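Structural overview
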Amino acid sequence: MQTIRQIVPLRETVASYRAAGARIALVPTMGALHAGHIALIEQAKLVADKVVASIFVNPKQFGANEDLGRYPRRESADARMLAEAGCAVLWLPGVEDIYPDGFATTVSVARVSEPLDGAARPGHFDGVATVVAKLFNQIRPDVALFGEKDFQQLVVIRQMVADLDFAIEIVGVPTQRDDDGLALSSRNAYLAPEDRARAVALPRALGVAARLIGQGGDVAQTLASARETLLSAGFDSVDYVELVDAETLMPLPEPTRPRRLLAAARIAGTRLIDNIAVAAADPG
Ligand code: PAF
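For the structure given in this document, a descriptive report is provided here. (Residues numbered from 1 in each chain as written. Predicted model: local features only at pLDDT ≥ 70, side-chain atom pairs only at ≥ 80, totals over all residues. Heavy atoms only, no water.)

1. Thoughts on the pairing of strand E8 (residues 259-267)
Rules: Accessible area is worked out with a 1.4 Å probe on protein chains only. A residue is then buried under 20% of its type maximum, exposed over 50%, and partly exposed in between. Numbering of helices and strands starts at the N terminus; helices are DSSP runs of H or I of at least 4 residues and strands are runs of E of at least 2. Here, a strand pair is defined by DSSP locating no fewer than two bridges between the strands.
Buried residues dominate E8, accounting for 8 of its 9 residues. Inspection of the sheet shows E8 paired to strand E9 (residues 270-278) by 9 bridges, in the antiparallel sense. In the sheet register, Leu 261 faces E9, and the bridge partner there is Ile 276. Counting the residues in the hairpin turn of E8 and E9 gives 2 residues, including Ala 268, whose phi is positive at 45°.

This is the structure in structure tokens:
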């Protein structure tokens, strides 16, 4: 695997792949890699000939009181994992390669960026869309892969790609989970063992709620009870537990449309998110 830190050699390397007729995949990350990221690389290898992974801890997607300063940085371990997984290139830009002096553009995707994490973390999805648009233009991949764990992010990126005519296929990869069901996340590393054990209440509460709603249970009551379950299990606060249309993220989805249940909650100061599909109601 080549580790590249400058835009000129990046462009040359990608151009040489393209000249050889290779299909190129991009897996954008913020590092602190885990098996969820490796699943993205594995999937990328199935749909492309060359996989480029990027690591950039994007300051524009962190709010003023968020964890940018303590976000885990493990460059050498990450590079080893990516090389072992079969990545062709690790793109490691500096801040000046992404946001050079005078950088003045923000990509803002209306509507799908607004509810849920968009409401809880103002500006977050503008930061995500801006950096992903930049990475797309730097690498010009044929396909880019994102985890469903960040489900709203995936919807925002699909909308951006459609609106701005990026000729890039977007592939969503199912969430990878620990044996007890907790979604893999770089932020799980912040949890002390006792908080990590209690955090499993999040996927469990979503699983129960998705089943009840899929069986036609009362939505408002089920969501309220999922919030209560999280608080009684030791979460300090719940930002949201919401049922939305899986494509538009609008609330109160038609039971016959694809629906998604999303949640964000804090435990011992760490904010965890998760989501799960809800079975469509039988129209008959
Ligand atoms: O999902 C992430 O790790 C980040 O939001 C992304 C897509 C790499 C943009 O910084």
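2. Digging into the environment of Asn 188
Among the structural elements, Asn 188 can be located in the loop between strand E6 (169-173) and helix H8 (193-199). Take Asn 188: its relative accessible area is 13%, and that puts it in the buried class. Separated by 11 residues in sequence, Asn 188 and Ala 199 place their C-alpha atoms 9.1 Å apart.

3. Considering the sheet that holds strand E7 (residues 237-245)
Condition: Fitted lines through C-alpha atoms serve as axes, helices being fitted only where they are in contact, and the angles separating the N-to-C directions of these axes extend from 0 to 180 degrees. Two residues form a contact once any of their heavy atoms are found within 4.5 Å.
Overall, antiparallel pairing links the 3 strands, which are arranged E7-E8-E9 in an open sheet. In this open sheet, the two strands that pair with only one neighbour each are E7 and E9. Between one strand axis and the next, the sheet turns by 10° as a mean value, whatever way the strands run. Running over the sheet, helix H9 (residues 201-214) touches E7, E8 and E9 and is turned about 25° from E9. The sheet strands contacting helix H10 (residues 219-232) are E7 and E8, and the helix crosses E7 at an angle near 150°.

4. Considerations on the packing of helix H2 (residues 35-47) against helix H3 (residues 75-85)
Put simply, the test is: These descriptions rest on fixed angle ranges, namely under 35 degrees for roughly parallel, over 145 for roughly antiparallel, 65 to 115 for roughly perpendicular, and the rest for oblique. Throughout, a crossing is termed right-handed when the near helix is turned clockwise from the far one, and left-handed when it is turned anticlockwise from it by less than a right angle. Just so you know the grouping, Ala, Val, Leu, Ile, Met, Phe, Trp, Tyr, Cys and Pro go in nonpolar, Asp, Glu, Lys and Arg go in charged, and all remaining residues, Gly too, go in polar.
Where H2 contacts H3, the axes come no closer than 10 Å and their chain directions differ by 30°. The orientation of H2 relative to H3 falls into the category roughly parallel. The chirality of how H2 crosses H3 is right-handed. Contacts between H2 and H3 pair Ile 38, Ile 41, Glu 42 and Lys 45 from the former with Met 81, Leu 82 and Ala 85 from the latter. Across the contact of H2 with H3, the residue classes tally to 5 nonpolar, no polar and 2 charged.

5. Description of the pattern of salt bridges
Heads up, the rule is: Salt bridge criterion: a side-chain nitrogen from Lys or Arg within 4 Å of a carboxyl oxygen from Asp or Glu.
Evaluation of the coordinates by the stated rule reveals 16 salt bridges. Two residues, Glu 66 and Arg 121, come together in a salt bridge whose shortest N-O distance is 2.5 Å. Here Arg 121 lies in the loop between helix H5 (117-120) and helix H6 (124-139) and Glu 66 lies in the loop between strand E3 (50-55) and H3, a separation of 55 residues in the sequence. On the accessibility criterion, Glu 66 (30% relative accessible area) is partly exposed. A salt bridge links Arg 196 to Asp 180, with the nearest nitrogen and oxygen atoms 2.9 Å apart. On the criterion of sequence distance, the pair formed by Arg 196 in helix H8 and Asp 180 in the loop between E6 and H8 is long-range, its members being 16 residues apart.

6. Regarding the packing of H9 against H10
Interhelical geometry of H9 versus H10 gives an angle of 165° and a closest axis separation of 10 Å. By the angle class used here, H9 and H10 are roughly antiparallel. Once H9 is placed against H10, the crossing between them reads as right-handed. Between H9 and H10, the residues in contact are Ala 201, Leu 202, Ala 205, Ala 209, Leu 212 and Ile 213 and Val 219, Thr 222, Leu 223, Ala 226, Thr 229 and Leu 230, respectively. For the contact of H9 with H10, a count of residues per class yields 10 nonpolar, 2 polar and no charged.

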